[in-house]
Amino acid sequence: MGATGAGKSRLSIDLATRFFKDSEIINSDKMQLYRGLDITTNKITTQEQQGVPHHLLGVFDPTQSVITPNEYRKLASKTIINIVSRNGLPLVVGGSNSVIYSLLAKHFNPKLDVFNGQNPDPISSELRFKCCFIWVDVCVKVLDRYLSKRVDEMLDKGMLEELKEFFGSGENLRVKRAGLGQAIGVSELEGCFSNFGRAKYGKLYDEGVRRIKENTCELAKRQVGKILRLKAGGWDLKRIDATEVLRMSDSGGGKVAEIWEEDVVARSVNMVKQFLEE
Ligand code: ATP
């Protein structure tokens, strides 16, 4: 678990390739459930997956479906049970805490909202599965700086072109607004990729990019808020601080890999080993 940009995907691949070889990953990012917009939603690439099996990643047609938390609960629990029956280790990886909650709460009621509003409904502290929760955390200031840089990198990789192409095909114009249509970047850059859109590098584009950065940082804060809510509700989340890793990579320090190993990987491995021995 953790905010966007904290390093969840990378950690899961390190755990799966180097320490727990029978691991399979189940995506728990709401936007990454759908096919398409891989750069915009920041999906792990096939190369980065390093052969580790991934489930519920980019598999649903965004023009046909909006996956509800209740549906996710059914699909992901079935996947977990299948993996366990093969003696595999299921790793649930992603930043959408509402779907993680829907999957793991013993008593999940889709009508209740345990995260939002003045008086959110109580968290179910009982779980359906035995879990080892690893929360990769990064201090807000450092994460914000990193996220802003990451948005620029996503744009360099072709995010606007991806959006233009995706919505340029008549088919995808019917993309569900309640599903993939909600991804950060869609509404912010709409004026630039729609038929009447202006060229890149205009005022509209600059404003869109500014809003993407702002909304991404807001998303990260909301995600941490939800994690703290789960923790307060009795979920035993183990926090790992990855701040130094991002700080070092920002300042171009050469010790990034070392710090990642010590601060994040080694600590997570110990936590999982201990959990598996219990
Ligand atoms: P909410 O209660 O708002 O539904 P949630 O925990 O169910 O929150 P989040 O994953 O926090 O789900 O996503 C909330 C919103 O953040 C999404 O609707 C989307 O706008 C944006 N978002 C989340 N993940 C991504 C992503 N991978 N790419 C782009 N935008 C995203």
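Here's what I pulled together on the structure shown here. Note that the structure is predicted; figures quoted are calculated from it, not measured. (Residues numbered from 1 in each chain as written. Predicted model: local features only at pLDDT ≥ 70, side-chain atom pairs only at ≥ 80, totals over all residues. Heavy atoms only, no water.)

## Description of the overall build of the protein
At step 1: Scanning the protein for helices and strands turns up 10 helices and 5 strands.
At step 2: In terms of C-alpha radius of gyration, the protein reaches 19 Å, essentially the compact-globule figure of 19 Å for 278 residues.
At step 3: With respect to the principal axes defined by its C-alpha atoms, the protein has extents near 60 × 45 × 40 Å.
At step 4: For the protein, the residues scored as buried account for 46% of the 278 residues in total.
At step 5: Counting only contacts in the protein whose residues sit at least 6 apart along the sequence, the fraction spanning at least 24 positions is 75%.
At step 6: Carbon together with sulfur atoms contributes 50% to the accessible area of the protein, which is approximately 14,400 Å² in total.
At step 7: For the protein, the distance from the average site of its 41 positive side-chain charges to the average site of its 36 negative ones is 4 Å. (Helix = DSSP H or I, 4+ residues; strand = E, 2+ residues; numbered from the N terminus. Rg over C-alpha atoms; globule rule 2.2 N^0.38 Å. Buried < 20%, exposed > 50% of the residue type's maximum accessible area, 1.4 Å probe, protein only. Contact = heavy atoms within 4.5 Å. Areas by Shrake-Rupley, 256 points an atom, 1.4 Å probe, with all protein chains shown as cover. Lys, Arg positive; Asp, Glu negative; His and termini not counted. Charge placed at Lys NZ, Arg CZ, Asp CG, Glu CD.)

## Focus on the packing of aromatic side chains
At step 1: Taken as a whole and judged by the stated rule, the model has 7 aromatic pairs.
At step 2: Seen from their ring centres, Phe-19 and Phe-20 are 6.5 Å apart, and the 45 degrees between their planes marks the pair as tilted.
At step 3: Residue Phe-19 is classed as partly exposed on the basis of its relative accessible area, which comes to 34%.
At step 4: Take Phe-20: its relative accessible area is 9%, and that puts it in the buried class.
At step 5: Taken together, the ring pairs in this structure connect Tyr-101, Phe-108, Phe-115, Phe-133 and Trp-235 into an aromatic cluster.
At step 6: In this structure, Arg-10 is placed above the aromatic ring of Trp-260, and the distance from its NZ or CZ to the ring centre is 4.0 Å. (Phe/Tyr/Trp six-rings, centres within 6.5 Å; stacked < 30°, edge-to-face > 60°. Lys NZ or Arg CZ within 6 Å of the ring centre and 35° of its normal.)

## Some details on helix 5 (residues 140–156)
At step 1: The end-to-end C-alpha separation of helix 5 is 24 Å, in line with the 24 Å expected for 17 residues at 1.5 Å each.
At step 2: Two residues or fewer past helix 5, Gly-158 is found with a positive phi of approximately 110 degrees. (Expected span 1.5 Å × (residues − 1).)

## Observations regarding the site of the ligand
At step 1: Residues in close proximity to the ligand total 16 residues, the closest being Lys-30, Ser-96, Ser-98, Gln-182 and Lys-226.
At step 2: In the environment of the ligand, an oxygen atom lies 2.5 Å from a nitrogen or oxygen atom belonging to the side chain of Lys-30.
At step 3: With respect to the ligand, the backbone of Ile-184 contributes an N or O atom lying 3.0 Å from a nitrogen atom.
At step 4: Coverage of the ligand by the protein amounts to 83% of the 600 Å² it exposes when considered alone.
At step 5: For the shell around the ligand, the secondary structure elements donating two or more residues are helix 4 (97–104) and helix 8 (203–232).
At step 6: The element contributing the most residues to the shell around the ligand is helix 8, with 3 residues.
At step 7: Across the shell around the ligand, the residue classes tally to 4 nonpolar, 8 polar and 4 charged. (Near = heavy atom within 4 Å. Polar contact = N/O pair within 3.5 Å; in protein donor to acceptor, adjacent residues only side chain to side chain. Nonpolar A, V, L, I, M, F, W, Y, C, P; charged D, E, K, R; others polar.)

## Notes on the sheet that holds strand 1 (residues 23–27)
At step 1: The sheet built from 3 strands is open, its strands ordered 2-1-3 with parallel pairing. Because the sheet does not close on itself, it has two edges, and the strands there are strand 2 (54–55) and strand 3 (89–93).
At step 2: In the sheet, strand 1 pairs with strand 3 via 5 bridges, with the strands oriented parallel. Bridged to Ile-26 within strand 3 is Val-92.
At step 3: In the packing of helix 3 (residues 69–85) onto the sheet, the strands contacted are strand 1, strand 2 and strand 3, and the crossing angle to strand 1 comes to about 175 degrees. (Pairing = 2+ DSSP bridges. Axes fitted to C-alpha atoms, helices over the stretch in contact; angles between N-to-C directions.)

## Let's talk about the layout of surface pockets
At step 1: Its volume calculated, the second largest pocket comes out at about 690 Å³.
At step 2: Contributing to the lining of the second largest pocket are 27 residues, with Pro-90, Leu-91, Val-92, Cys-131 and Cys-132 lying nearest its centre.
At step 3: Secondary structure elements with two or more residues in the lining of the second largest pocket: helix 1 (8–19), helix 3, strand 3, helix 4, strand 4 (133–137) and helix 10 (256–277).
At step 4: Tallying contributions element by element places strand 3 first for the lining of the second largest pocket, with 5 residues.
At step 5: Here the lining of the second largest pocket is composed, by residue class, of 21 nonpolar, 3 polar and 3 charged. (1 Å grid on protein atoms, 1.4 Å probe; cavity = no way out; pocket = protein on both sides within 12 Å on 5 of 7 lines; lining within 4 Å. Points joined across faces, edges and corners; volume = space filled by probe spheres on them.)

## Focus: the environment of Cys-131
At step 1: Note on placement: Cys-131 falls in the loop between helix 4 and strand 4.
At step 2: Separated by 57 residues in the primary sequence, Cys-131 and Lys-74 have C-alpha atoms spaced 17 Å apart.
At step 3: Beyond its immediate stretch of four places on either side in the chain, Cys-131 contacts Leu-104 and Phe-275.

## Thoughts on helix 4
For an α-helix, 3.6 residues make a turn, and residues three or four places apart therefore share a direction.
At step 1: In terms of burial, helix 4 is a largely internal element, 7 of the 8 residues being buried.
At step 2: Asn-97, Val-99, Ile-100, Tyr-101, Ser-102, Leu-103 and Leu-104 are the residues of helix 4 that are buried.
At step 3: Packed against the buried residues of helix 4 are helix 3, strand 3, strand 4 and helix 8.

## Re the nonpolar core
At step 1: Ranked by internal contacts, the top residues of the largest apolar core, which has 82 residues, are Tyr-72, Tyr-101, Leu-189 and Trp-235.
At step 2: Apart from residues no more than four positions distant in its own chain, Tyr-101 is found in contact with Phe-108, Val-114, Phe-115, Pro-122, Ile-123, Ser-124, Leu-230 and Trp-235. (Core = buried A, V, L, I, M, F, W, Y, C linked by side-chain atoms within 4.5 Å.)

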